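Report on the structure
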Amino acid sequence: MNTFADKVGLGWRADLAAGILSHLDRIDMLEVIADDFFDAPRRDIRALKTLASQVSVVLHGVGMGLASSVPVENERLEKMARLVEQVRPQFWSEHLAFVRGEGIEIGHLAAPPRTVDTLNGAAENLSRAAALAGSRPMMENIATLIDPPGSTLSESAWISGILASSDCDLLLDLHNVYANGLNHGYDPKIFLRQIPAARIKAIHIAGGKFISAPDGRQRLLDDHLHDVPDPVFELLEEAAALSSNSLTVILERDGAYPSMDCLLAQMRLARQALARGRARRIVAQEVFV
Amino acid sequence: MSAHSFEAFLARIYVDVGARARFKANPRGEARRAGLSDEECTALEDIDWVGLEMAARSFARKRQSNLNRRRALPLWDRLRQFLVILSKRLRFHEK
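Residues numbered from 1 in each chain as written. Chains lettered and ligands numbered in written order. Predicted model: local features only at pLDDT ≥ 70, side-chain atom pairs only at ≥ 80, totals over all residues.

Residues and elements named next belong to chain A. Spatially, the eight strands close up into a barrel ordered 1-2-3-4-7-8-9-12, and their pairing is parallel. Adjacent strand axes in the sheet meet at a mean angle of 30°, parallel and antiparallel pairs treated alike. Pairing of strand 9 (residues 200–205) with strand 12 (residues 248–251) involves four bridges; the strand directions are parallel. Residue pairing for strand 12: His-204 is matched across the bridge by Ile-250. (Pairing = 2+ DSSP bridges. Helix = DSSP H or I, 4+ residues; strand = E, 2+ residues; numbered from the N terminus. Axes fitted to C-alpha atoms, helices over the stretch in contact; angles between N-to-C directions.)

Attention shifts here to the environment of Arg-136 of chain A. Residue and element names in this part refer to chain A. Structurally, Arg-136 can be placed in the loop between helix 4 (116–133) and strand 7 (138–140). The exposure class of Arg-136 is partly exposed, given the 18 C-beta atoms found within 10 Å. Separated by 30 residues in sequence, Arg-136 and Ser-166 place their C-alpha atoms 8.5 Å apart. The contact partners of Arg-136, leaving out residues within four places of it in the chain, are Leu-126, Ala-130, Asp-167 and Cys-168. (Buried ≥ 20, exposed ≤ 12 C-beta atoms within 10 Å, placed from the backbone. Contact = placed C-beta atoms within 7 Å.)

Attention now goes to the interface of chain A and chain B. Facing the 38 residues of chain A at the interface are 34 residues of chain B. Secondary structure elements with two or more residues in the side of chain A that touches chain B: helix 1 (17–21), helix 2 (42–54), strand 5 (98–101), strand 6 (104–110), helix 4 and strand 11 (218–221) of chain A. Among the residues making up the side of chain A that touches chain B, the classes are represented as 20 nonpolar, nine polar and nine charged. (Nonpolar A, V, L, I, M, F, W, Y, C, P; charged D, E, K, R; others polar.)

Residue and element names in this part refer to chain B. Confidence along chain B averages 86 in pLDDT terms, with 73% of residues attaining 70 or more. By mean pLDDT, the top-scoring element of chain B is helix 2 (residues 17–25) (98), and the lowest-scoring one is helix 6 (residues 75–94) (62). Confidence metrics for the complex model read pTM 0.92 and ipTM 0.92. (pLDDT = per-residue confidence, 0-100.)

A few words now on the environment of Arg-57 of chain B. All names here are of chain B. Residue placement: Arg-57 occurs in helix 5 (residues 49–71). Using a count of 13 C-beta atoms within 10 Å as the deciding quantity, one classes Arg-57 as partly exposed. Taking C-alpha positions, Arg-57 is 9.9 Å from Val-17, a pair spaced 40 residues apart along the chain.

This is the structure we're talking about:
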């Protein structure tokens, strides 16, 4: 039996609204994209607050670009702080990514060079974000198709360094770990042992697809348009076996929506993986005692 | 300052097809022209070329997808209506 207060939820998407609201008995938590509400009219904020009054909500930012040697603009931090104040989420989160440079918007999450400069820059940005919003964000590892050039630190060392410097917890995206492991040649299970388990507080699961490179080889794209593959559930079991924290697991789906039954089935698989991991943890502790 | 320039250079070659083509034709020359250090120029010469092309295409698709999503924002209006109806029903049942 899983005695941890683990929760399994779903990413809020307008296309899924009806399905989500009619199955709230099986959804512990909703994750809302914060950026969609930064400049929203008051009526939309009221709708979000109504939602938050019915189910636990977490806010997830996608556009700040906190993992950068460049200081994040105050305006972006203030928008998030204002929304956190209005919605009072269980927690808020952002990505270990940069998204722009000297006015050029990349339009998505990009992996910065994993260096001491970006580590220190991220820590500074996170300190300012926490001060303004009144709480530290959880930070999510990202998937990258390109091995970030100029890196002097491993991905696990860089992430661990930022978490230690900023005192932030980790939103561990397991499909990103799986994709980066496949694309850049490391074992995701070893990666999980290299990051601080005590910092893992929330988890993302998602799916993707293989795309062909010009040289004919394939890389895994984290597109959130496909079902969660079995190896990600295996990694979820590993994470649950490693972590002593209660975990919030969010299933992310950004399009090509399947039936609500299909999404609920994947959430059920997530609960089962959590239970298997927790059982392993309990057995391991009993053996140790 | 150089770390900022390095990130800006990456953003440019991820987004701008012309800048990427010039960089592919002359990696060190383009990096040097952007004022990057010798060490950074060398890092860019050793870039994951396959990953660069795949990432750039992926970013372009994402930008287009974000644009389409913004155009479809009236969905939130439909959601708001749904929530208003739902909360009224809940209040009715509570009474």
